[in-house]
Amino acid sequence: MTVRACVLVFVLLLASASGAAGEPVRVAVGDVTLTADLSVPPGRGPFPVVVALHGCNGMRSDDGQRLNARHRDWGGRLTAAGYAVLALDSFSARGAKEVCTEKVRTITPRMRADDVRAALIWLGTNPVIDAKRIALLGWSHGAMTVLWTVRPNFLVGVPTPFAAVAYYPGCTEISKIPGWRPSVAVTMLTGALDDWTPPAPCRALATQSGGIRYIEYPDAYHAFDAPNLPVRVRTGLGRVKGGEAHVGTNPEARAASIAEVMALLAVATAAKP
């Protein structure tokens, strides 16, 4: 079912004691009501907004009560810079805590693109949001969601993001689509040592499709931008040969990529009327 055929309802709720950084938001997409977290900087707005799309681990901490470290880290940085942040949870309402260990994904990036489309529709009606200044920011599974969202002809009739950022996506499936080219300029940030979502397919996609600014960081594994995550081998992965891959922070790549993203957002938002 596409979002065009779905009833879209967003209900802002009172902030709870859940540890979330902003206001809990409910998002109805078809017969599923997703949850999200909307953080707004001080002031009256309208504000530019970043739609944050979690990886296969989901966006909640292990206890499920608050945003995980990456989302808190980025949320604080973005709101301090004057951006609203909509962190969209595609898993909880669908009964999933994570899909990293699944060999056959029950929730796919293509499915999640419908969630993003619904979010864009609502953001276009929210008076505190500047619908001309919307950006997408995704990690791994969420970065693949970014690529499916900006596929040709998918965002017709909805507010179009001015920029999209994809941290270490898997590009194999997207690269199989004949003539694929993003409808929104994409900045892709990958680690040269990534053995979970290897960079080679994304490097090739950037070369063949156009519309992608590709940056590869040396000596960086998957999740190199995570705050204070020691490098380790993660086991039990469903979509990786042997079920193992390295994850962890690379301080230099983290700092460089954060600077890259913040500069991109600053330039792009300043250019919008």
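Residues numbered from 1 in each chain as written. Predicted model: local features only at pLDDT ≥ 70, side-chain atom pairs only at ≥ 80, totals over all residues. Heavy atoms only, no water.

Let us now look at the pairing of strand β4 (residues 47-53). In terms of burial, β4 is largely enclosed, as seven of its seven residues are buried. Burial of β4 is two-sided: the residues F47, V49, V51 and L53 facing one way and the residues P48, V50 and A52 facing the other way are all buried. Relative to strand β6 (residues 129-139), β4 runs parallel, the two sharing six bridges. For F47, the partnering residue across the bridge sits in β6 and is I129. When β4 meets strand β5 (residues 84-89), the two strands line up parallel, connected through five bridges. For V50, the partnering residue across the bridge sits in β5 and is V85. (Buried < 20%, exposed > 50% of the residue type's maximum accessible area, 1.4 Å probe, protein only. Helix = DSSP H or I, 4+ residues; strand = E, 2+ residues; numbered from the N terminus. Pairing = 2+ DSSP bridges.)

Core analysis: the biggest nonpolar cluster contains 40 residues, and W74, L78 and Y167 have the highest contact counts within it. Elements represented by at least two residues in this core include exactly β4, α1 (69-80), β5, β6, β7 (163-167), β9 (212-217), β11 (245-247) and α6 (251-271). A total of five residues in this core trace back to one element, the largest contributor, which is α6. Residues within four places of Y167 in sequence aside, it is in contact with W74, L137, G138, W139, S140, A143, L189, F224, D225, S257, I258 and V261. Within the second largest apolar cluster, 39 residues are counted, among which are F47, A113, L123 and A143. (Core = buried A, V, L, I, M, F, W, Y, C linked by side-chain atoms within 4.5 Å. Contact = heavy atoms within 4.5 Å.)

Okay, the packing of aromatic side chains next. The final tally for this structure, using the stated rule, is seven aromatic pairs. With 5.8 Å between their ring centres and 50° between their planes, Y167 and F224 make a pair best called tilted. Here Y167 is found in strand β7, whereas its partner F224 is found in the loop between β9 and β10 (232-234), with 57 residues between them in sequence. For the ring pair Y168 and F224, a centre distance of 5.5 Å and an interplane angle of 70° mean the geometry is edge-to-face. Placement of Y168 in the loop between β7 and α4 (172-175) and of F224 in the loop between β9 and β10 is noted, with a sequence separation of 56 residues between them. Among the residues examined, F224 registers a relative accessible area of 0% and is labelled buried. When the ring centre of F154 is taken as reference, the NZ or CZ atom of R117 above it lies at 5.9 Å. (Phe/Tyr/Trp six-rings, centres within 6.5 Å; stacked < 30°, edge-to-face > 60°. Lys NZ or Arg CZ within 6 Å of the ring centre and 35° of its normal.)

This next bit is on unusual backbone geometry. Excluding glycine, residues mostly carry a negative phi; peptide bonds, for their part, are mostly trans. A cis amide bond links G45 with the next residue in sequence, P46, at an omega value of 0°. Along the chain, P46 falls in the loop between β3 (32-39) and β4. In this structure, N153 takes a positive phi of about 70° despite not being glycine. Residue position: N153 is located in the loop between α3 (141-149) and β7. Positioned with a positive phi, A223 is a non-glycine residue whose angle comes to about 65°. Relative to the helices and strands, A223 is located in the loop between β9 and β10. For A223, a relative accessible area of 7% corresponds to the buried category.

A few words now on helix α2 (residues 109-123). Side chains of residues three or four places apart in an α-helix project in the same direction, reflecting 3.6 residues per turn. Between its terminal C-alpha atoms α2 stretches 21 Å, which fits the 21 Å expected from 15 residues at 1.5 Å a residue. Most of α2 is tucked away: 12 of the 15 residues are buried. Three or more residues of α2 are buried, namely P109, R112, A113, D114, D115, V116, R117, A118, A119, L120, W122 and L123. (Expected span 1.5 Å × (residues − 1).)

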